[in-house]
Every structure is written in C-alpha cells, then in structure tokens.
Amino acid sequence: MMNNPTTGYQPLADDDYKMQVYVSSLKGLLKPFKSKGELELLESNARAAREMMEPLMRRLIQSARRYPVRQLPLIFTIGPAPSGANFLRWRNQQNNKTGTPAFCHLIGDPKVPQRARDTLLEIEKDRIVFNMQMSVLTFIIRQARECQEKVEQAERLHMGLLTLPENNGRGR
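Residues numbered from 1 in each chain as written. Predicted model: local features only at pLDDT ≥ 70, side-chain atom pairs only at ≥ 80, totals over all residues. Heavy atoms only, no water.

**A closer look at the environment of Gln 114**
And then number 1: By secondary structure assignment, the location of Gln 114 is in helix α4 (residues 114-158).
And then number 2: The class of Gln 114 is partly exposed, set by a relative accessible area of 46%.
And then number 3: Among the polar contacts listed, one links the side chain of Gln 114 to the side chain of Asp 118, at a separation of 2.7 Å. (Helix = DSSP H or I, 4+ residues; strand = E, 2+ residues; numbered from the N terminus. Buried < 20%, exposed > 50% of the residue type's maximum accessible area, 1.4 Å probe, protein only. Polar contact = N/O pair within 3.5 Å; in protein donor to acceptor, adjacent residues only side chain to side chain.)

Here is the structure:
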C-alpha cells in the first residue's frame, strides 16, 4: 500500500480485504468505496435483491396455506414495515393481533397433530431466515443511502459550499 503523497494517509485498497473470509455475495460490500456512484450501486443492488425476494415470500405464504396448517387458528401473512420491506408474520385468525403467542402454543401442543407441528416448525425456520435476509438488505440500503449523504456533505464542506452548525461535539 502506498501513502497518499499529499496527505500521508494510507487509503484502503482491495488488498486490505484479501485476508477477510467472506462469501462472494458480499464482495460488493467489503471493499473500499471510491465514489458516491459505487455507494449508489450498492444501494441499487440491495434494493434489487430485496425486490427479488418478493416471489419467494409469496411462495412461502402459499405453502403455509396448505393442509395441515390451513386447519390451524393461525394466519401466515405479509407484514409491511415503514422501511418499505415486507416481512413474514404470524397473525391470529381475526388478523388483528400478532400470532406469535398462538404459534408458540400450537407448536408445543401435543393435541395438535405431529404433521401440523412439524410443518409449523419448517415454516417458522423459513420465516426466521427470510426475515433476517430482508432485515440485512434493508439495513444495507439505509446505510448505503446515509453513507452517500455523508460523503456528499464532506465533499461540499471540502469545496466550501457548506458550513455546519456546531453540534456540541456530537456526531456520527
């Protein structure tokens, strides 16, 4: 790595990340970002990945509406979040309260047929993983957008186009 001859700072480079062990799908995330455009691309790719999960979500919901789960007093549905992401949720039959207590009761109830309980477990595992993936993508989208704003702000400060009010030592 070479120091910047003007500042003496050693910027991050691809070689800095060679020792990191990560899956190929994270290669676009774990690298030095050199421009706002690269951050915009990261945000765009995360949005596209999140959108590509919609058919998977709908398939999971359709699967949960089959026998034996459809016989249970529980609804498996989409729960939209303020972030724009959709998460999978359990709801009660009236669809007015969270179904988590009902799910917990049903999956542990020996009176519920074993096949239904096994199916509930499989659906719940998929729900947990799906929601984690949606959450991670949503977090990446938000962080990429905030990072773009901070880079733009720093560039504007550097060019003298912006001055910031004092914030009493608080900052991010």
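Picking up where we left off.
**As for α4**
And then number 1: A rise of 1.5 Å per residue sets the reference length of α4, with its 45 residues, at 66 Å; its end C-alpha atoms lie 65 Å apart and thus fit the reference within 8%.
And then number 2: Trailing α4 by a residue or two, Gly 160 shows a phi angle of about 75°, which is positive. (Expected span 1.5 Å × (residues − 1).)

**As for a nonpolar patch on the surface**
And then number 1: A cluster of nonpolar side chains, contributed by Ile 128, Val 129, Met 132 and Val 136, occupies part of the molecular surface with about 330 Å² of accessible area.
And then number 2: Secondary-structure assignment places Val 136 in helix α4.
And then number 3: A residue is classified by how much of its surface remains accessible, and Val 136, at 40% relative accessible area, is partly exposed. (Patch = residues over 30% accessible without salt bridge, like charges linked within 9 Å, V, L, I, M, F, W, Y side chains within 5 Å. Areas by Shrake-Rupley, 256 points an atom, 1.4 Å probe, with all protein chains shown as cover. Salt bridge = Lys/Arg side-chain N within 4 Å of Asp/Glu carboxyl O.)

**Quick word on the nonpolar core**
And then number 1: Membership of the largest hydrophobic core comes to 27 residues, with the highest contact counts inside it found for Phe 76, Leu 88, Trp 90, Leu 120 and Phe 130.
And then number 2: Those elements giving two or more residues to this core turn out to be α1 (36-52), α2 (54-64), β2 (86-91), α3 (100-108) and α4.
And then number 3: With nine residues, α4 is the largest single contributor of residues to this core.
And then number 4: Discounting chain neighbours no more than four positions away, the residues touching Phe 76 are Leu 60, Ile 61, Ala 64, Arg 65, Leu 88, Arg 89, Trp 90, Ile 123 and Arg 127. (Core = buried A, V, L, I, M, F, W, Y, C linked by side-chain atoms within 4.5 Å. Contact = heavy atoms within 4.5 Å.)

Any functional reading would require information beyond the geometric quantities listed.
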